[in-house]
Amino acid sequence: MVPRVLPIRYAGRAGALFKLALKTGLFTLLTLGFYRFWARTRLRRYYWSAIRPGGIPLEYVGDPIEKLLGFLVAVVFMAFYIGVVNLILMYFSFALFQGNGIAYVLSFLGLAPIIFFAQYRARRYILARTRWRGIRFGLEPGAGGYVWRSIVHYVVAILSVGLSWPLTTLWLEKYRVNRTYYGDLQFVQGGKRTLLFGAMRHIYYALGLSAVAGGMLALSENPAWAALFLLTVPWAIYGWAYWRAESFKRMTETKELGEIRFRTKPRPGRIIGIYLLGGLVLNLVLYGVLILAVVLVILALGGTGGFDFDPEQIAQLGTAATPAFVAIYFLGFVMIGAATQALFTLPMTRHFAEVTQVIDPSALNRIQQRDRDEFAEAEGFADALDVGAAI
Amino acid sequence: MSSDVENTRETTRESYDGFADYVAGKRAVLARVGLTVSGVGLVVHLPDGRQEIWPWDDLRALKDQADREGVVIYRSGAQLARLFVADAALANAIKTRATALARRTRPVPLAKLAGWATAAVASVAVIIFVLVPLMASQLAEFLPAEGEKALGDATLEQIRVALDETGLGSGVNTCQTPQGRAALDEIYARIAPEIDLPYPVEIHVFDHELVNAFALPGGHVVLFRGLIDTAQTPDEVAAVLAHEIGHVVHRDPTRDALRSAGSLGVLGLLFGDFAGGTVALMLANQLVNASYSQAAETRADEFAHGVLEAANVTPSALGSFFKRMQDENGDVEGFAAHLSSHPQFAKRIAAAASAADRAHQYDPVLSKAQWRGLQRICGGSSHDVSGDEGDMSESAPVDNPRPNRSERPARNQEGKVK
Ligand SMILES: [Zn+2]
């Protein structure tokens, strides 16, 4: 029997998302950050519903009030930790090391366990609040194991100067995916340890070449080596895009959900294209707005009695305009945030969604619903630490 | 109701108004169902021949969906079943009839929210106002002098850059003319000859118009050019300097730095990172500070009265300087007045006046020539200087240095000598 292939369609539109992100961003600003739970939820609803495997959208059922409540719960416990730990770390960094830099490193180390903990809990909350075809996803409890494994793997990656990053990525992905459910069916992340090293190869090539070219340049001063050295920069950029695409492909195609499999073919060129085009548009708009603002200021000055640059008058004007500048600064911040979503995040999800397919030998129909996973703290810890999902 | 169902079945079995995908939420099975728009509700014709009526008032739609043409429907009573209506015309027909599509299905747990909100506020308040100040106070006693010095050096540099208005990032200029430095050294030698500190007191003058002065950990004391411009006599500068040295001696800046490390982290937790989040944080931290440091101010004032009296300089100079600042910032009302320790000024002025012995003849701290040198420490002949000939009239128009910056030293603003 030939398995059914469910392509993933993508329904998101940059314009609509930009409007939504701008609106919710402004509300967040006006409410001193209070609206952020609603903003995050609304954006997730949009992103989730844009992804339509077999034409049926994903559904995000998270509730902003549940998120707010979870945040309050997290604050009760985290305020103590953050306040006291920050203070003690600051004390020790100056008492023992006389320097601020160490304080940051130390406070990160102090926070690392709780950050990994929060990330796992946030993922569990998000999966528990995601449905497709009316069936819930889920993640088994396991934040404790995730914390120490993450720390060990990150230490290994740092000790190897990042060269073993593919192994770190795969290990942590296995821990998460092997605890992920769709309905009553458990995901399995397959793949040998060496699975992802090939996906990193263009970064290794670029690094190797830059080492050789840099070394030869130091020895011989031949400009050809300098040219070769410069060439490694675009190669490294390609290497990064290749890693994004190829590691996604390798990990997705070794995922199993019962008899269900996945096929995907993301393109590194497309990823680079998205960032180039998005960056270009963002810069054009930013400079356009800046030029417009300058023109308006000049016109306003002209309107108040010509260009006599009386310093006192300018100072007065400056004082009067300060609230306007503050407003413009924050508006700009919100605008850039919304534009980043519309120009980068959305096109990237679109690309990865559209190149992916679900291969279903009619096993899907047998999957049963799973129970609701209640959360006292929702993803409060991640919200409090600001380390949750990107969206 | 049941007759209704029968009726609909009779008339619409063959001619549906449209189709939709239906999931019951029990298995991941998709069913194609026919839909009929009726007076009471949406009639769903299930594949097994049964039909359900979904009353219009019970219908809810998923919000913020990417697909703007279709609609995803569920019933307020049944949280799992979904109808995916792709056809735009049918979706519109549903939207016009179902009036409660956007209504919440689950009640808001108000009592629970209020309970946890109270607990969160209480926990933050206890930590910021009790635990962190207490710990900061204790730890400041134990911080080694080198640590304090490093902390102060780092902070001084940050503040210099933050105050830079040229935007070049090189930091605000430090004033260094030899006569000016000599005058400052003279003042310091007179008012603080035998202070026992693990590090020397370093006095900096920032070329900045704010009427301000503050102390940093590790013995740094910073005067702003605006303050020297505003002072009518060298005694007033000496008094402010003595006050700041009082902070240094009591290690207030160290305590303050440790405390803000703790409380800023907690406040960041509360506000999240909306639009950078910095302004709300700074504002909140300023509130925390204003209510905290009054005891420290009184202590520093008392220290200043003591050393001034011992140096035979009138302690009332501190009061007369505060008085001038009060006159200049007199229009500060409401919110801003709360941020500065404004109401405290009257008390502090009175305390300075009573510390001075009316019958006693005090010496000025500098000669007229030295005072002129101090007034020109930033090299500027451009700034009108006054008080040369003991002229106490307001001949120097201090353009109101209403500060409007929000960097770290914000708590010292509104002319508040910290
Ligand atoms: Zn003070």
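Residues numbered from 1 in each chain as written. Chains lettered and ligands numbered in written order. Predicted model: local features only at pLDDT ≥ 70, side-chain atom pairs only at ≥ 80, totals over all residues. Heavy atoms only, no water.

A. Representation of the sheet that holds strand β7 (residues 185-189) of chain A. All names here are of chain A. An order of β3-β4-β5-β6-β7-β8 is seen for the 6 strands of this open sheet, with the pairing classed as antiparallel. On the outer flanks of this sheet lie β3 (59-60) and β8 (255-257), each paired with one strand and no other. Judged from the 2 bridges that link them, β3 and strand β4 (residues 130-132) form a sheet pairing that is antiparallel. Within the sheet, the bridge partner assigned to Y60 lies in β4 and is T130. Strands β5 (135-139), β6 (180-182), β7 and β8 of the sheet are contacted by helix α6 (residues 165-177), whose axis makes an angle of about 170 degrees with β7. (Pairing = 2+ DSSP bridges. Helix = DSSP H or I, 4+ residues; strand = E, 2+ residues; numbered from the N terminus. Contact = heavy atoms within 4.5 Å. Axes fitted to C-alpha atoms, helices over the stretch in contact; angles between N-to-C directions.)

B. Structural detail: the sheet that holds strand β9 (residues 261-264) of chain A. Residues and elements named next belong to chain A. On the basis of which strands lie adjacent, the open sheet formed by 4 strands has the order β2-β1-β10-β9 and antiparallel pairing. Every other strand in the sheet has two partners, leaving β2 (51-53) and β9 as the edge strands with one partner each. Strand-to-strand twist of the sheet, defined as the mean angle between neighbouring strand axes without regard to direction, takes the value 25 degrees. Where strand β1 (residues 4-10) and strand β10 (residues 356-360) come together, 4 bridges link them in antiparallel fashion. Note on β10: the bridge partner recorded for L6 is V358. The strands touched by helix α8 (residues 223-253) are β9 and β10; relative to β9, the strand with the most contacts, the crossing angle is about 160 degrees.

C. Broad picture of the state of the cysteines. Residue and element names in this part refer to chain B. Counted by the stated rule, this structure contains 1 disulfide over all chains. The disulfide bridge from C175 ends at C378, spanning 1.9 Å between sulfur atoms. Across the S-S bond linking C175 and C378, the dihedral sits near 85 degrees, which makes this disulfide right-handed. Of this pair, C175 sits in the loop between α4 (145-163) and α5 (178-191) while C378 is found in the segment after α14 (368-375), placing the two residues 203 residues apart along the sequence. Given the relative accessible area of 3%, C175 is considered buried. (Disulfide = S-S within 2.5 Å. Buried < 20%, exposed > 50% of the residue type's maximum accessible area, 1.4 Å probe, protein only.)

D. Looking closely at a nonpolar patch on the surface. Residue and element names in this part refer to chain A. Together, L286, Y287, L290, I291, L292, V295, L296, L299, M335 and I336 line one region of the surface with nonpolar side chains, adding up to about 970 Å² of accessible area. When residues of the nonpolar patch are traced back to their parent elements, those giving at least two are α9 (268-303) and α10 (311-354). Of the residues forming the nonpolar patch, the biggest block, 8 residues, is contributed by α9. Secondary-structure assignment places Y287 in helix α9. (Patch = residues over 30% accessible without salt bridge, like charges linked within 9 Å, V, L, I, M, F, W, Y side chains within 5 Å. Areas by Shrake-Rupley, 256 points an atom, 1.4 Å probe, with all protein chains shown as cover. Salt bridge = Lys/Arg side-chain N within 4 Å of Asp/Glu carboxyl O.)

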